[in-house]
Amino acid sequence: MTIRFVLLVNKQGQTRLAQYYEYLTIEERRALEGEIVRKCLARPDNQCSFVEHRNYKIIYRRYASLFFLVGVDGEENELAILEFIHCVVETMDRYFGNVCELDIMFHLEKAHFMLEEMVMNGCIVETNKQNILNPIQLMDKTT
Amino acid sequence: MASTMMESLFQRTMDDLVKGLRLQMIGESRYLAKALEEVRKEIKSTDPIIKVTALQKLTYLQMASGADMSWASFHIVEVMTLTKFSHKKVGYLAASQSFHEGTDVLVLTTNLLRKDMGSKNEYEISMAIECLSRILNPDLAAALTSEVFTLMASSRSFIRKKATLVLLRVFLRYPEAIRVAFKRLLEKMDDADPQVVCAAVSVLCELTLKDPRAYLNLAPDFYRLLEKSSNNWLSIKLVKIFGALTQIEPRLGRKIAGPLCDHMRKTNAKSLLFECIRTVTLGLLDHEGAVKLCVEKLRENMGLGDPNLKYLGLKALAALMDSHPWALTESKEVIIKCLSDGDIIIQRRALVLIMGMVSENNVEETVQVLLRYAQSADASFCNELVSSILQTCSRARYELVSDFGWYVSVLADIARIPHGEHGDEVGRQLVDIALRVESVRTDVVKASRGLLLDPALLGRPALQGVLCAAAWIVGEFIERAPLGPFEILEALLQPRTRLLPFSVHAVYLQGVLKVFVSYANQHTSLKKTEQESTTSHAAMKGGSLRAAVELIKANVAPLVNSVDMEVQERACNVLGLLQPFEDFNDADQVQAGFGTLAALSEVFSLELGPVSVHAQGRVQLPDGLSTEDNLDALGPMDSSDDVLLHTGDVRSSTTYREWEAEFNFQAPSKEDPSGVNSSAALLQQHRHRHESFYLPSDTASLDYPPPQLTPSAATAEAAPQSLTESSIFNGNPLVRSMPRQAKARRPVVVALDDEDDLPGVSAPVSKKGLKDELVFSAIRKALSADGNKDHDAADGLEISPLGEPSSRKSRHSRRSAKNKEKTSVGVGVGLGNEDVSQVPEVGKKEHRRSRHHRPSRHEILVVKTNKDGSSSENENEGTFELSEKTHKTKQKHRSSHRHSQRSGKSPVSAPQNTDPIPDFLL
């Protein structure tokens, strides 16, 4: 299991999307998110995007008011995860059109759907934007 | 009907909930509670739309505010069974967010998942697989493995890749599935769809990282994929796999070095570049060329200014630190630049590297650079810098320091750094150096004087340790003070000393006493000489003695009323000594006073030295003192002590004997007189029982080592070397100077016996779960189960002598007896052996691993060369070409059912897994 969790957090530190690939209880999740947010959001932009926390390595990137944080285990390739984050953002951009915090809040299940298409079992399965969006667009058509 | 209409009309939709949440800045918790209350009601509804919306809201609330949703698990299953896809989706999402292996309703999902996995709609299938990847437990795995297995052969690549990926979790939760599905996973490495290949490699990568031993046989397949891979994601995974494999099979490194270097040179993707570098630092450290290329690339990338690349570069360099120090030295400038990066994470990593580079030759330069950075760094990093300087320089009895005068000045500088927090450590090292390094004492006293004279330092609590040490040092070595004792007296008595804590103040007072004694002594010796000469000098001197007395009296008298016992007592002592000098006209009194002072100065002139923590053990047992008998008789008495010491653990005198027997002390060694040893053992026993009454002796950092009876070093002019050896340590069994390799300018550092008795560092024990072990053995079986006919060949082809599964060991040991003769021949022939018939035996000699390891490779190489009909000029290159040829031949073999496997001649290219695989399920 390489990717342990994906978090989307706004500037105020509120979680906007959380996807865990290993089971943690709600309390553990809350605690972890709190610690990570405190650690990462305080760092200025010109510092490196990797933070070690507990046994995770957090790789994060900021897009406007949203922080994308990915927790991985120690052996994962950091730069590949940064590329993955960028891929997530581009996919969301393509679907929502210049994605913002509100898009994710109001279409949470779609955002989850995209992530599910991209990551499974903590491994990245799909990075082609159109392939990722196909099922979602199909679902939109039918409803 | 009407009621549900009403319900759905008035139900808060998902959007309403989110909007409401955004508006609620203050009363959020109340709003949440209310929303949850509604959800609880709505979720029971029979109307699917209401139910789904309620569940949607609940999922949102769980994520956004940590609401508990475990109570809704049954409802989640209900929603999952709905027919409409978008409804189902909500249920599945909720399940994957909240279910875990222990959720009780998982039993209910088995049939549902099976049905969905057999659905016609590929998105339903994918949804079910996705959910399975989150919630799979052994029971589900047992029930659904066959479905997963079928789906792996699906005609739609979209499904194939997901089914392949879920296999990872299936294997880990349910190792029995490996037997069934591992072959198919391997087949997927040759799938037509690159995404499926990527998925299969991802799974294998995860499995390999967990336990690489089992996957060595797959190396040729990975190699082939890496050669033709154009997808960076896939290449990264493959390179990662090789990172794990080369660690346990160094021979693989030779083969992989070429492609890795190619990738490093060609790729534009930094992620792939750094993955290659990581693999090189893990398993290819012997390949100079690859390492050089790494270092070059690292330097290039770290110079780009991107903080991420700097971080990764430092990380990679740290991995090279031990094996390739030159890599660090070459990148030194970049590393030092990172110290001022502004990112504490990068700074820390750089600091670790710099401290790793320190050697005797560059320690001074490095420390100066670090101190310069410390001045400008923020408080916390400054302290990290300082503490690493202190730690590194004092390591192994200051082995890096050759110029102690310089180091003492560094210590003084460190003490003065504004936010320094390492006063205690600096103080400890000052005292330590003053005691150990005789030749540098003058410098230490000079530095201490500087610290004591500065009134600003007294107000800083962090520096108390330093000041305490400085006060002790000037008191002890006052004769070395550069400008005489009087200014030291003034420094020790300055008004701001009241800011000091009592314990330090007491040390100051003791210092005053010593300094005064020395001062008065100088005075009397001057007086004697002055009786001949007739100058007014004497009067002046007498005057200054008077001034000293006045100074002390004025400043010490108030301390007689100190609340601290120690300060009060020392103040009284000092004043008592000054009593005779009340009236300088009373010659008798003054004379008597001088007499006392002279006696005291004799006492103080005894040199203090460091004492080994084990000194007591080396005291010889006097003849005729029989400790054993008496202590035996003490048995009953001791046990009564126990009653006092450990209440509730009452021992009778008989149990005492048993208890005593539990302590197995070392048997006396032959060299030592047994009497000493047994008495030492008894002492140790006694100590063990009455630990609390003993002074702690194992603390290496004694602030002030206890005094020790050594004759004073009278010949101060003698060379330090001869001095230490002749006058101080001769005839003293407790102290011994440490012989050191000839170092012309390095002064002698006194070392004590057994000083470095550090508690043994226990090797990290890797704990492997039972499950991992199961996975491992299952895969081992799956890989070797190509049919029993191949067993012999597989044995001969055993690549890894390091990781033999236990199941094979027994067989090996049985065989090794049979093959003993042949084995010994094989080892003996070694490198140059070209006899083909020897080769298959090589792999079996597992009881002589380390020796047969290399020869076997050579033998096999030679054989291969002969077979291919080509000879290699260069071994390295030859290997590489061979590998390619091996692959070609392998490909050919695949079509013709690989007849060569039986002959067992190929070490690495043992493609056992590429045979057409019997389908176990169908």
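Summary of the structure given here.

The rules we used
- Residues numbered from 1 in each chain as written.
- Chains lettered and ligands numbered in written order.
- Predicted model: local features only at pLDDT ≥ 70, side-chain atom pairs only at ≥ 80, totals over all residues.
- Heavy atoms only, no water.
- Helix = DSSP H or I, 4+ residues; strand = E, 2+ residues; numbered from the N terminus.
- Buried < 20%, exposed > 50% of the residue type's maximum accessible area, 1.4 Å probe, protein only.
- Contact = heavy atoms within 4.5 Å.
- Areas by Shrake-Rupley, 256 points an atom, 1.4 Å probe, with all protein chains shown as cover.
- Axes fitted to C-alpha atoms, helices over the stretch in contact; angles between N-to-C directions.
- Parallel < 35°, antiparallel > 145°, perpendicular 65-115°, else oblique.
- Left-handed = near helix turned anticlockwise from the far one by under 90°.
- Salt bridge = Lys/Arg side-chain N within 4 Å of Asp/Glu carboxyl O.
- Expected span 1.5 Å × (residues − 1).
- Arc of directions from axis to C-beta.
- Pairing = 2+ DSSP bridges.
- Buried area = accessible area lost by both parts, 1.4 Å probe.
- Core = buried A, V, L, I, M, F, W, Y, C linked by side-chain atoms within 4.5 Å.
- Domains from an automatic or database assignment.

1. Details of the overall build of chain A
For step 1, the next point in the chain: Of the regular secondary structure elements, chain A holds five helices and seven strands.
For step 2, the next point in the chain: Ordering the α and β elements of chain A from the N terminus gives β-β-α-β-β-β-α-α-α-β-β-α.
For step 3, the next point in the chain: Among the 143 residues that make up chain A, the fraction classed as buried is 63%.
For step 4, the next point in the chain: In chain A, the share of contacts with a sequence separation of at least 24, taken over all contacts with a separation of at least 6, comes to 50%.
For step 5, the next point in the chain: Surface accessibility of chain A: about 5,200 Å² in total, with carbon and sulfur atoms responsible for 47%.

2. Regarding the packing of helix α12 (residues 194-210) of chain B against helix α14 (residues 232-248) of chain B
All names here are of chain B.
For step 1, the next point in the chain: Relative orientation of the contacting elements α12 and α14 amounts to 25°, with a least axis distance of 9 Å. By the angle class used here, α12 and α14 are roughly parallel. Judged by the twist between their axes, the crossing of α12 over α14 is left-handed. Together, V197, C198, V201, S202, L204, C205, E206, T208 and L209 of α12 and W233, L234, K237, L238, K240, I241, A244 and L245 of α14 make up the contact between the two elements.

3. Here's the deal with the pattern of salt bridges
Side-chain pairs of opposite charge can arise whenever the charged atoms involved come near each other.
For step 1, the next point in the chain: One pass over the structure, following the stated rule, counts 40 salt bridges over all chains.
For step 2, the next point in the chain: Put simply, A:E101 and A:R16 hold a salt bridge, and the shortest N to O gap is 2.9 Å. Here A:E101 is found in helix α3 (residues 101-106), whereas its partner A:R16 is found in strand β2 (residues 15-20), with 85 residues between them in sequence. The same class applies to A:E101 as to A:R16, namely buried.
For step 3, the next point in the chain: Here B:R224 makes a salt bridge to B:D190, at a shortest N to O gap of 3.0 Å. With a gap of 34 residues between them, B:R224 in helix α13 (residues 219-228) and B:D190 in the loop between α11 (176-187) and α12 connect regions that are remote in the sequence.
For step 4, the next point in the chain: Residue class for B:D190 comes out partly exposed when judged on its relative accessible area of 40%.

4. Quick word on helix α31 (residues 565-578) of chain B
All names here are of chain B.
For step 1, the next point in the chain: For α31, which comprises 14 residues, the first-to-last C-alpha distance of 20 Å matches the rise-based estimate of 20 Å (1.5 Å per residue) to within 8%.
For step 2, the next point in the chain: Within the span of α31, buried status applies to V567, A571, V574, L575, L577 and L578. Within α31, the buried residues cover an arc of 160° as seen down the axis, which keeps them to one side.

5. With respect to the sheet that holds strand β1 (residues 3-10) of chain A
Residue and element names in this part refer to chain A.
For step 1, the next point in the chain: The strand order β2-β1-β5-β4-β3 describes an open sheet built from five strands, whose pairing is antiparallel. Of all strands in the sheet, those bounded by a partner on one side alone are β2 and β3 (50-53). Averaged over all pairs of adjacent strands, the angle between strand axes in this sheet comes to 20°, irrespective of strand direction.
For step 2, the next point in the chain: For β1 and strand β5 (residues 66-72), the ladder comprises seven bridges, and the chain directions are antiparallel. Bridge pairing in β5 places V9 opposite F67.
For step 3, the next point in the chain: Packed onto the sheet, helix α2 (residues 78-97) meets β1, β3, β4 (56-63) and β5 and runs at close to 40° relative to β4.

6. Observations regarding helix α22 (residues 363-376) of chain B
Residues and elements named next belong to chain B.
For step 1, the next point in the chain: Over its 14 residues, α22 extends 20 Å from the first C-alpha to the last, a length consistent with the 20 Å expected when each residue adds 1.5 Å.
For step 2, the next point in the chain: For α22, the complete set of buried residues consists of V363, T366, V367, V369, L370, L371, Y373 and A374.
For step 3, the next point in the chain: Buried residues belonging to α22 abut α20 (332-338), α21 (344-357), α23 (379-398) and α24 (404-416).

7. Structural notes on the interface of chain A and chain B
For step 1, the next point in the chain: Contact with chain A, which involves 53 residues of that partner, is made by 59 residues of chain B.
For step 2, the next point in the chain: When chain A packs against chain B, close to 5,100 Å² is buried across both sides, 56% of that on carbon and sulfur atoms.
For step 3, the next point in the chain: When the buried area of chain A at its contact with chain B is split by residue, A:F106, A:M120 and A:N121 rank highest and sum to 13% of it.
For step 4, the next point in the chain: Joining chain A to chain B, the criterion identifies seven salt bridges.

8. What to know about the nonpolar core
A general trend in soluble globular proteins is that nonpolar side chains are found buried together.
For step 1, the next point in the chain: Residues A:F84 and B:F182 are the most contacted members of the largest nonpolar core, which totals 299 residues.
For step 2, the next point in the chain: Composition of this core by domain shows at least three residues from each of domain 1 (1-98) and domain 2 (486-606) of chain B.
For step 3, the next point in the chain: Contacts of A:F84, omitting those with residues within four sequence positions, involve A:I3, A:V6, A:V70, A:L115, A:M118, A:V119, A:I124 and B:W233.

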